[in-house]
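Chain by chain, the residues run as shown.
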Amino acid sequence: MLNNFQEFYNIIPILLIGAGFLISLLIEMYFKKSDVILPWFTILIFLAAGFHALYAVNSVSVIFQNMLATGGIVNIFYIIFTFGAAIVALLSIDYIKKYGTYFGEYYILLQTSILGMMLMAGAKDLFMIFLGLELMSVSFYSLAGLNRKRLKANEASLKYFLLGAFATGFIVYGIALIYGTVHSTSIDMIASRFYELSSDKLFIAGILLFLIGFSFKIAAFPFHMWVPDVYEGSPTTIAGLFSTGGKAAAFSAIIVTLGVLFTGRIGNILMPYLAVISVLSMFYGSIVAISQDNIKRMLAYSSISHAGYLLIGLAAGNSFGVAGVIFYLASYTFMNLGAFGIVALIEGKDESNLTLKSFSGLASRYPLLAALFSIIMFSLAGIPPFAGFFGKYYVFIAAIKSNLTWLAILGVLSSVISVYFYLRIVVLMYFKDAETDLKIDVSKTGLAAVIISVLLVIIIGIAPGTIIDLIAFFFK
Amino acid sequence: MVQLIYLTTLLPLLGFLFNGLFGSKIKNEKIIGIIGSSTIGISFLIVVGAFFQTLSMPVDQRQTIVNLFTWIKVGNLDVNVSYQVDQLSLLMGLIVTGVGFIIHVYSIGYMHGDKGFGRFFAYLNLFIFAMMNLVLGSNFLLLFLGWEGVGLCSYLLIGFWYDRKFEKSTTSDAAKKAFIVNRIGDFGFLLGIFLIYLTFGSLNFNDVFARAASLNIPQYVFNFIALFLFIGAMGKSAQIPLYIWLPDAMAGPTPVSALIHAATMVTAGVYMVARCSIIYASAPAIMEFVAIIGALTAIFAASIALVQNDIKKVLAYSTVSQLGYMFLALGVGAFSAALFHVMTHAFFKALLFLGAGSVIHGMHDEQNIQNYGGLKKYMPKTYVTFLIASLAIAGIPPLSGFFSKDEILWSSYADGNIIYWLIGVVTALLTAFYMFRLVSLTFDGKERFGHDKHPHESPAVMTIPLIILAVLAAVGGFIGIPEIFSGEHGNQFDNWLEPIFQPAQAKIAMFGVHSSLEEIVLMVVTLVGVIGSIYAARYIYIKNIKPAEKLSKRFNGVYNLLLNKYYVDEIYDASVVTPIVKGSEIVLWKFADIKIIDGLINGVANLIEKISGSIRKIQTGVAQFYALIMMLGIVAALFWIILSL
């Protein structure tokens, strides 16, 4: 009995969000002022779950008959998901009113998608991962097309669904092959038999298909094709969630399932695959981002190239690399949410103000926004002392430690290219005169969300050692 | 209190953020001034508390490390943000926050009505934040953070009135000069830090110093480390040949000159060398070098100060000269004498600058001492405090400067090299002369200013800080009364710092300099000279102005040489600045940059843009095509990985 109680205590974050979304349904149905209550209730739930995860970060255990893990790395992912989602919810309050019709489902789907992510991060069984993945993905498909009246949103939703289903198919196929060779779906079982099966072609094909399915979710080349179209068509805040929470969740699934490859106990046989798609994603993302006019598409390509940097950490295949990836995900989540947040603030009705030109001369009229956006751009470009620099630094160092110096060099080169399109925005904001007469209603809650993100970016950049220590501690 | 030491950096940082973010919006100067000063005041109280707590501990346990968080951790490099509270850092902390607080309060009056009031206090608080990190940091990297931080604040504050003219150019040029010259020093400092990490495998003071004492490390490594670090100190503490920025730094507001360019920042080099005393003790050749540079700087700058006419310029060269004294002391191994002089100098030089500020304030921004005269009846409080400070710097007993200067002179004599002592004494005579030339021309004699000027005493918010500093400048020396007068207790100041410098002093086999009758003889000789020098200055500049003119005519060459500061700026211009500017314009800019680098970069950028433009066409928007690309990717990956098994 006591044991069960402990199990429930450890999954309070999941229970909170599970209960939260049921209550949210009721609020949506029975309260007249649900459009005021629901956002704040959602934020409260996310924060409560996040802080509990932070508080209980040391209670490492495996519960529910080997189905879910709690504590440690899992809780760190919970923290990334829930705090990220809280920022998204805060951004959304004014944004979705501006965006068009208000739907209560918005916040409910937000909660279910986070629930899905949490199940993926905590999974100890492939079925659990699949369950979480579908919960997240189906919520995402609906969120992308939330505004039925917009053609672009419909297109985004449908494309995401079609290609997402395609990718999910490969994941299921991979799971089937893995089960066929290991005779179990337990991740521990897979890990323990990985070495003896590492020359079994069927088993490796299964692992590879599984990995390819998630390569789609993290937006790595050549499985990235959906990204620009979906980001452009979806509500901006939701695009921010796709690029951060969605990516972090997919990485958590890879790390959880294939963790045995990345801790140095057995050779990283998937290194060639990871390194190749890493290089392709980095360069493809950075190069194509240069010729984008639409800021959301530019951020989409930036997201592809960041998937590449993150993959360097996995390709390195040592515990520094994985710790670096998790650190990178945390810092990337907050800086990218800040970037999408500012785009959401500036975006006008009917998708106006989304071209790069709308940012020219911003500094003279909205100095605070310009300053915040500059910090985010510097961080995304990987310039110290912001969080983005240390993320890249840790994964590059991990690559060098695994004798993949060439990969680190390519990563640095790609970063150099990316500086061009990130800093172009800073140049536009500070050194060019405004071409359009931009008038925006700066939403207070939205601005607060952006400021919080920027503060986190700065804090992570000041004390990266503390955070990487915490992550690395659980990886030993 | 020791555990709360992090507040002494946190509070100034918060003050900086508050005044920096909201300073321009708040129109009320009182709020800005009170917030700006109280953060420093509270920090001071915390340091005082930490000091007494440390004092109550047994002597061998007086070092506390307060660890805040892990900063950078990569491989073997493990740097924490942690503060080292010990005798040395507490001493520096007391000076920085104590004198800093007084100057903050003074600034409320001095900066009254300035449109950048909030910005000024923001920068001052940021400076204290950086300076406290510099003195409290328990490793070289945090020291370097503070080091760069104070450099930045110095730059920002020298150019604070960026729209004003300064001499032949603008204040921003003076700020740039300070920044660039400091970069040269910082480069050396950085090399020193790299070499330390390479040699000792750590950047923590305790590890590095313990290993420096125990490991068997070749002599030349110590020499290089000590030399590189000293190059950093030369820049920050304005020693020959990198002193040229400090006189120009007077372009900043006067409280800045008092706080940054006299009392605290410029002594960072002295602190750093003292902190690394064990490394210097292991590099005797570099110690000798430090002493030579210090002695030369002391006499060289003092001679320039003799003929300058700008009140702040005189004080600036005086600061350079006094810093030379401190390095002379470090060079002969009298580490604690150097720090004693850091402390007393902070009191009397801050007071001199604040007094000068008060005069400038009362004379409506007039800075030429030839246009002053007879001001003592208009500003009695400023006059008395200024006089006390001048007597202190001249070394008249029992004021503070007497004790610290005497200890340095005696140590350099006892070190065995009589030249050092001689230079020190001559510098002391010159110091007494130029200070009383300044006092006489400013406060005594006939009024030489026009009727449009109406000199007035400054408000209480400015004079009270003067009085407090005057008391400190008068009695501050008593904590370091030499052994010969204080008897068996010995020199209290030296006793306090003894555990810090004990390993270094054991290495150079100099267990403190013991007093003897000789010390009294030398002391009297110096004192007689100083008094004669003061009398000469007063005679020439009050009673009869003619001898001064005669002197300057007879020694016209020397006079002009001094007036033009040995033409050092011109020499630098001709030998370094112009070649670099011309060279970079013709070779680097017009050829290398525009033709080669720009051509290359633009070429690559154009190429990438073209590639970008053509690859983006893959993104057709057709979902079937997207699926096809995915499929191709999957097939390729499967084939490759499976076949390579």
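This text gives an overview of the structure that appears in the document. (Residues numbered from 1 in each chain as written. Chains lettered and ligands numbered in written order. Predicted model: local features only at pLDDT ≥ 70, side-chain atom pairs only at ≥ 80, totals over all residues. Heavy atoms only, no water.)

1. A closer look at the overall build of chain A
Thought 1: Secondary structure assignment for chain A yields 20 helices and two strands.
Thought 2: When the backbone C-alpha atoms are referred to their principal axes, chain A occupies close to 65 × 55 × 40 Å.
Thought 3: Residue burial in chain A is summarised as follows: out of 476 residues, 66% are buried.
Thought 4: Look at the contacts in chain A between residues 6 or more apart in sequence, and 79% of them connect residues 24 or more apart.
Thought 5: For chain A, the computed accessible surface area is about 16300 Å², with 70% contributed by carbon and sulfur atoms.
Thought 6: A distance of 3 Å separates the average location of the 27 positive side-chain charges in chain A from that of its 22 negative side-chain charges. (Helix = DSSP H or I, 4+ residues; strand = E, 2+ residues; numbered from the N terminus. Buried < 20%, exposed > 50% of the residue type's maximum accessible area, 1.4 Å probe, protein only. Contact = heavy atoms within 4.5 Å. Areas by Shrake-Rupley, 256 points an atom, 1.4 Å probe, with all protein chains shown as cover. Lys, Arg positive; Asp, Glu negative; His and termini not counted. Charge placed at Lys NZ, Arg CZ, Asp CG, Glu CD.)

2. Focus on the pattern of salt bridges
All names here are of chain A.
Thought 1: Evaluation of the coordinates by the stated rule reveals 14 salt bridges over all chains.
Thought 2: Of the charged contacts in the structure, one is a salt bridge between K152 and E232, with a shortest N-O distance of 2.9 Å. Of the two residues, K152 is situated in helix α7 (residues 151-182) and E232 in helix α10 (residues 226-233); the sequence distance between them amounts to 80 residues.
Thought 3: Here E232 and R297 are joined by a salt bridge, their closest N and O atoms 2.5 Å apart. Placement of E232 in helix α10 and of R297 in helix α13 (residues 295-316) is noted, with a sequence separation of 65 residues between them.
Thought 4: Taking relative accessible area as the criterion, E232 reaches 15% and is therefore assigned buried.
Thought 5: Exposure remark for R297: the relative accessible area of 14% places this residue in the buried category. (Salt bridge = Lys/Arg side-chain N within 4 Å of Asp/Glu carboxyl O.)

3. Looking at the side chain of T70 of chain B
Thought 1: Mapped onto the elements of the fold, T70 of chain B is located in strand β1 (residues 64-74).
Thought 2: By relative accessible area, which is 13% here, T70 of chain B ends up buried.
Thought 3: A polar contact is formed between the side chain of T70 of chain B and the side chain of D469 of chain A, at a distance of 3.1 Å.
Thought 4: Look past the residues within four positions of T70 of chain B in its chain and what remains in contact with it is A463, G465, T466 and D469 of chain A together with D78, V79 and N80 of chain B. (Polar contact = N/O pair within 3.5 Å; in protein donor to acceptor, adjacent residues only side chain to side chain.)

4. Quick notes on the nonpolar core
Thought 1: Within the largest apolar cluster, 413 residues are counted, with the highest numbers of intra-cluster contacts made by F214, Y273 and I326 of chain A together with F140, I279, Y280 and L339 of chain B.
Thought 2: Of the residues forming this core, the biggest block, 20 residues, is contributed by helix α4 (residues 73-99) of chain A.
Thought 3: Every residue in contact with Y280 of chain B, bar those within four places of it in the chain, is listed here: A226, L229, F230, V273, I286, M287 and V290 of chain B. (Core = buried A, V, L, I, M, F, W, Y, C linked by side-chain atoms within 4.5 Å.)

5. Topic: the environment of D125 of chain A
All names here are of chain A.
Thought 1: Along the chain, D125 falls in the loop between α5 (105-122) and α6 (126-144).
Thought 2: Residues D125 and V256, 131 residues apart in the sequence, show an inter-C-alpha distance of 9.5 Å.
Thought 3: Ignoring any residue separated from it by four or fewer positions in sequence, one finds D125 in contact with M67, T185, S186 and I187.
Thought 4: Here the side chain of D125 touches T185 through a polar contact of 3.0 Å, side chain to side chain.

6. Here's the deal with the interface of chain B and chain A
Thought 1: Taken together, the contact between chain B and chain A spans 32 residues of the former and 44 residues of the latter.
Thought 2: Among the residues of chain B in contact with chain A, Q619, M630 and L645 of chain B are the three that bury the most area, contributing 19% of the side total.
Thought 3: At the surface where chain B touches chain A, the tally comes to zero salt bridges.
Thought 4: Our count for the chain B to chain A interface comes out at seven residue pairs in polar contact (both at pLDDT 80 or more).
Thought 5: Of all elements in the fold, only β1, α25 (568-615) and α26 (623-643) of chain B reach the threshold of two or more residues within the side of chain B that touches chain A.
Thought 6: For the side of chain B that touches chain A, the element with the most residues is α26 of chain B, which contributes 14 residues.
Thought 7: Of the residues in the side of chain B that touches chain A, the class split is 22 nonpolar, seven polar and three charged. (Buried area = accessible area lost by both parts, 1.4 Å probe. Nonpolar A, V, L, I, M, F, W, Y, C, P; charged D, E, K, R; others polar.)

7. A word on empty space enclosed by the protein
Empty space among the atoms becomes apparent when a probe as large as a water molecule is rolled across them.
All names here are of chain B.
Thought 1: Applying the stated rule across the entire model yields four cavities of 30 Å³ or more.
Thought 2: What the largest cavity holds in volume is close to 120 Å³.
Thought 3: Around the largest cavity, the lining comprises 15 residues; the ones closest to its centre are F402, D406, L409, M523 and T526.
Thought 4: Contributions of two or more residues to the lining of the largest cavity are made by α17 (400-414), α18 (418-443) and α22 (517-543).
Thought 5: When its residues are assigned to classes, the lining of the largest cavity shows ten nonpolar, two polar and three charged. (1 Å grid on protein atoms, 1.4 Å probe; cavity = no way out; pocket = protein on both sides within 12 Å on 5 of 7 lines; lining within 4 Å. Points joined across faces, edges and corners; volume = space filled by probe spheres on them.)

8. Describing the packing of aromatic side chains
Thought 1: For the structure on display, the rule yields 54 aromatic pairs over all chains.
Thought 2: With 4.9 Å between their ring centres and 80 degrees between their planes, F389 of chain A and F390 of chain A make a pair best called edge-to-face.
Thought 3: Assessed through its relative accessible area of 24%, F389 of chain A is described here as partly exposed.
Thought 4: Judged by relative accessible area, which is 8%, F390 of chain A ranks as buried.
Thought 5: Seen from their ring centres, F160 of chain B and W161 of chain B are 6.2 Å apart, and the 65 degrees between their planes marks the pair as edge-to-face.
Thought 6: Under the relative-accessibility criterion, F160 of chain B is labelled buried at 0%.
Thought 7: We classify W161 of chain B as buried; its relative accessible area is 14%. (Phe/Tyr/Trp six-rings, centres within 6.5 Å; stacked < 30°, edge-to-face > 60°.)

9. With respect to a nonpolar patch on the surface
All names here are of chain A.
Thought 1: On the surface, L22, L25, L26, M29, Y30, F31, V36, I37 and W40 cluster together into a nonpolar patch covering about 940 Å² of accessible area.
Thought 2: Counting residues per element, the ones that place at least two in the nonpolar patch are α2 (12-30) and α3 (34-55).
Thought 3: Ranked by residues supplied to the nonpolar patch, first place goes to α2 with five residues.
Thought 4: Relative to the helices and strands, L26 resides in helix α2.
Thought 5: On the basis of relative accessible area, L26 is assigned to the partly exposed category, the value being 46%. (Patch = residues over 30% accessible without salt bridge, like charges linked within 9 Å, V, L, I, M, F, W, Y side chains within 5 Å.)

10. A short note on α6 of chain A
Residue and element names in this part refer to chain A.
Thought 1: Here α6 is 19 residues long and its end C-alpha atoms lie 26 Å apart, about the 27 Å a rise of 1.5 Å per residue gives.
Thought 2: Restricting attention to buried positions, one finds in α6 the residues L126, M128, I129, G132, L133, M136, S137, S139, F140, Y141, L143 and A144.
Thought 3: The inward-facing, buried residues of α6 contact β2 (68-70), α5, α7, α8 (187-197), α9 (201-217) and α11 (236-258).
Thought 4: Taking the backbone nitrogen of F127 as reference, a side-chain oxygen 2.9 Å away marks D125 as the first, capping residue of α6. (Expected span 1.5 Å × (residues − 1).)

11. So, the layout of surface pockets
Thought 1: Taken as a whole, the largest pocket encloses approximately 2200 Å³ of empty space.
Thought 2: Lining of the largest pocket is provided by 47 residues; of these, P385, I458 and I462 of chain A together with L13 and L17 of chain B occupy positions nearest its centre.
Thought 3: Mapped by element, the contributors of at least two residues to the lining of the largest pocket are α16 (367-381), α17 (387-401) and α19 (444-462) of chain A together with α1 (7-22), β1, β2 (77-85), α4 (117-136) and α5 (140-158) of chain B.
Thought 4: The greatest single-element share of the lining of the largest pocket, amounting to eight residues, is contributed by α1 of chain B.
Thought 5: Classifying every residue of the lining of the largest pocket by side-chain character gives 41 nonpolar, five polar and one charged.
Thought 6: Each pocket or cavity is described by its volume, and for the second largest pocket that value is around 1100 Å³.
Thought 7: Taken together, 31 residues line the second largest pocket, and the ones lying closest to its centre are K177, D248, D569, D573 and V577 of chain B.

Read these as spatial facts, not as claims about activity.
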